[in-house]
Amino acid sequence: MDFAKLMADINDFVWGPIMLALLVGTGVFLTVRLKFLPWRNLGYAIRMIFRQKKEHEGDISPFQSLMTALSATVGTGNIVGVATAMVLGGPGALVWMWISAAFGLSTKYGESVLAVKYRETNSVGEMSGGPMYAMKNGIKNKYIGRGLAAMFAFFVVVSSFGIGNMTQANSISAALATSFSIPSWLTGGVVAILALSVLLRGIRSIGKVSSVVVPSMAAFYFVVAVIVVVVNFAAVPAGVAEMFRMAFSFDSVAGGVGGSIVASMLTSMRWGVARGVFSNEAGLGSAPIAAAAAQTDHASRQGYVNMTGTFFDTMIVCMLTGLVIASSGALGTVDPETGKLVSGAQLTILAFSSVFGEYAKLIVSVALALFAFSTILGWEYYGEKALEYLVSNRKVIMSYRILFSLVTFIGATTALEVVWNFSDTMNGLMAIPNLICLLWLNKDIADECFEFQKVVVEREKQGEDVDYPIDSEDLQI
């Protein structure tokens with residue numbers, strides 16, 4: 001049997017309907033279990049991003065922790081993934097992407113709470129946390145807990161080289177080669193050197209760089225996307241109406257937006273949820289590794305801060321990409337050379353060109369390059385912490401940083417579809433032990449949530465300056 005086809009089939013199964021149902025189902029369960037507090041406190045959570053209280057135990061600020069997590073989640077999926085979802089699932093896929101993200105808020109909150117609650121301090125005084133430590137320290141059956149933790153950590157390390165490294169580097173080199181004819185070897189060399197210069201200094205360096213790169217690239221993309229939407233605003237109402245019509249209708253043919261697109265409600269749901277989860281990573285267990293490094297007074301506070309990553313990634317950036325495509329009239333365009341629908345980055349470029357013309361290539365290429373490079377930085381930290389859990393040897397960790405940087409050159413210069421499918425499968429498999437942990441420890445999440453709501457959130461909303469822990473008599477739930 002063709003190994004490449006076998007890996008592709010396995011990958012399709014791992015990211016198939018059962019996995020997507022588990023991911024969204026866990027989000028629905030946690031949303032109800034937490035009495036919709038992640039939704040009700042979204043505004044509070046956004047305010048907490050910029051509120052640095054006095055120094056607490058941790059390596060980086062809550063803002064830097066969120067930016068590190070966002071650096072890994074805001075990536076090519078926000079540009080390429082959205083366009084692909086709207087072609088394969090129709091305009092309605094964007095609605096389902098948004099719905100899955102809404103429930104993903106609770107999932108991301110729960111993951112991050114457990115990561116901070118069960119984190120440890122390593123041999124050099126840095127915080128180590130994430131689902132593997134929650135499984136190890138939170139699940140009382142040590143055999144199950146440690147077994148799930150080892151599985152999760154292994155999947156993260158493997159995924160870091162593929163989804164978090166090679167695919168991103170290849171996206172950068174492909175974008176720059178197409179737009180500016182820059183040789184892939186040159187792009188690969190520059191990316192490898194830049195990555196090595198940041199990664200060798202560890203999480204504090206990653207946090208500092210991410211806190212500059214992520215807001216800058218997000219602001220740049222936000223501005224240019226809003227310009228396109230405003231210029232094409234006359235088409236926005238019809239585009240939004242078509243999205244909702246196709247999201248909840250079994251009528252399979254698109255109307256004014258994407259007239260060549262054929263997609264049923266179930267198809268829209270499948271591709272919207274799949275691309276949404278792939279983009280914001282809610283339920284995969286990656287972002288909580290960054291949450292565990294934050295300086296915070298309570299696990300729930302950082303849970304709320306990191307939860308906003310799903311909001312910004314999918315509900316803002318992905319939504320803007322979708323509106324740009326829907327309002328531009330580019331969706332449903334057929335490539336005259338291939339006879340197939342234009343998809344992926346080319347569709348996004350075509351949409352931006354409706355306003356920016358030839359400069360659209362420059363805009364999308366720069367956005368892709370920045371998004372992908374930041375993803376490389378974030379995923380190195382995830383892989384490093386997972387490897388540290390498995391090995392706990394500082395020399396091995398330093399070697400991993402160097403190797404990870406060098407692998408970006410291979411990714412930029414080589415198209416390895418088998419490797420990509422394999423790492424994509426490992427990326428999906430991360431969710432299995434993580435979801436088991438979330439459901440197993442749902443009481444821990446709820447207790448942290450309700451305690452924080454009573455003794456901190458309600459008081460802070462009334463204008464009090466509350467720092468946890470406070471008087472013991474206030475801790476009665």
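The structure presented is a predicted model; accordingly, all values stated were derived computationally and were not measured. (Residues numbered from 1 in each chain as written. Predicted model: local features only at pLDDT ≥ 70, side-chain atom pairs only at ≥ 80, totals over all residues. Heavy atoms only, no water.)

> I'd like a rundown of the overall build of the chain, residues and numbers included.
Counting secondary structure elements, the chain contains 21 helices and 2 strands. For the chain, with 477 residues in total, the buried portion stands at 60%. Taking the contacts inside the chain whose residues are at least 6 apart along the sequence as the reference set, 82% of them involve residues at least 24 apart. When the accessible surface of the chain is split by element, carbon and sulfur atoms take 66% of a total near 18300 Å². (Helix = DSSP H or I, 4+ residues; strand = E, 2+ residues; numbered from the N terminus. Buried < 20%, exposed > 50% of the residue type's maximum accessible area, 1.4 Å probe, protein only. Contact = heavy atoms within 4.5 Å. Areas by Shrake-Rupley, 256 points an atom, 1.4 Å probe, with all protein chains shown as cover.)

> An account of helix 16 (residues 344–356) is needed here, citing residue identities and associated values.
Look at helix 16: 18 Å from first C-alpha to last across 13 residues, which is about the 18 Å you get at 1.5 Å a residue. Of all the residues in helix 16, the buried ones are Gly344, Leu347, Thr348, Ile349, Ala351 and Phe352. Along its buried surface, helix 16 packs onto helix 6 (80–88), helix 11 (203–231), helix 15 (299–328) and helix 17 (359–390). Just beyond helix 16, the residue with positive phi is glycine 357, at close to 60°. (Expected span 1.5 Å × (residues − 1).)

> Explain the pattern of salt bridges residue by residue, including any values.
Overall, the coordinates contain 6 salt bridges when judged by the stated rule. A salt bridge links arginine 401 to glutamate 384; its shortest N-O distance comes to 2.8 Å. Placement of arginine 401 in helix 18 (residues 394–413) and of glutamate 384 in helix 17 is noted, with a sequence separation of 17 residues between them. With respect to burial, arginine 401 and glutamate 384 carry one shared label: buried. (Salt bridge = Lys/Arg side-chain N within 4 Å of Asp/Glu carboxyl O.)

> A description of helix 2 (residues 17–33) should follow, citing residues and the corresponding values.
Three- or four-residue spacings in an α-helix give side chains the same orientation, since the helix completes a turn every 3.6 residues. With 17 residues, helix 2 should cover 24 Å at 1.5 Å per step; its first-to-last C-alpha distance of 24 Å lies within 8% of that length. Of the positions making up helix 2, those classed as buried are Met19, Leu20, Leu23, Thr26, Gly27, Leu30 and Thr31. Looking straight down helix 2, one finds that the buried residues subtend no more than 135° of arc, so they occupy a single side. Away from the buried face of helix 2 by more than 90 degrees, exposed residues Pro17 and Ile18 are located. (Arc of directions from axis to C-beta.)

> I'd like to hear about the packing of aromatic side chains, residue by residue, with values.
Remark: the centre distance and the inter-plane angle together describe each pair of aromatic rings, the angle taken between the planes. In the structure shown here, the tally under the stated rule is 15 aromatic pairs. Aromatic side chains tyrosine 44 and tyrosine 304 sit 6.1 Å apart centroid to centroid with 85° between the ring planes, which places their arrangement in the edge-to-face category. With tyrosine 44 in helix 4 (residues 42–49) and tyrosine 304 in helix 15, this residue pair connects regions lying 260 residues apart in the sequence. You'll find tyrosine 44 and tyrosine 304 in the same group, each marked buried. With a centroid separation of 5.3 Å and an interplanar angle of 70°, the aromatic rings of phenylalanine 311 and phenylalanine 312 are classed as edge-to-face. On the basis of relative accessibility, which here comes to 17%, the residue phenylalanine 311 falls in the buried class. (Phe/Tyr/Trp six-rings, centres within 6.5 Å; stacked < 30°, edge-to-face > 60°.)

> With reference to specific residues and values, describe the packing of helix 2 against helix 20 (residues 431–440).
Packing of helix 2 against helix 20 brings their axes to within 11 Å, and their N-to-C directions diverge by 25°. Between helix 2 and helix 20, the interaxial angle falls into the category roughly parallel. Crossing geometry of helix 2 relative to helix 20 is assigned as left-handed. Counting all contacts with helix 2, which are made through Met19, Leu22, Leu23, Thr26, Phe29 and Leu30, the residues of helix 20 involved are Ala431, Ile432, Leu435, Leu438 and Leu439. Grouping the constituent residues of the contact of helix 2 with helix 20 by class yields 10 nonpolar, 1 polar and no charged. (Axes fitted to C-alpha atoms, helices over the stretch in contact; angles between N-to-C directions. Parallel < 35°, antiparallel > 145°, perpendicular 65-115°, else oblique. Left-handed = near helix turned anticlockwise from the far one by under 90°. Nonpolar A, V, L, I, M, F, W, Y, C, P; charged D, E, K, R; others polar.)

> Lay out the side chain of asparagine 232 in plain terms, naming residues and giving numbers.
Note that asparagine 232 resides in the loop between helix 11 and helix 12 (236–247). The class of asparagine 232 is buried, set by a relative accessible area of 15%. Setting aside residues no more than four positions away along its own chain, asparagine 232 makes contact with Ser327, Ser328, Ser354 and Val355.

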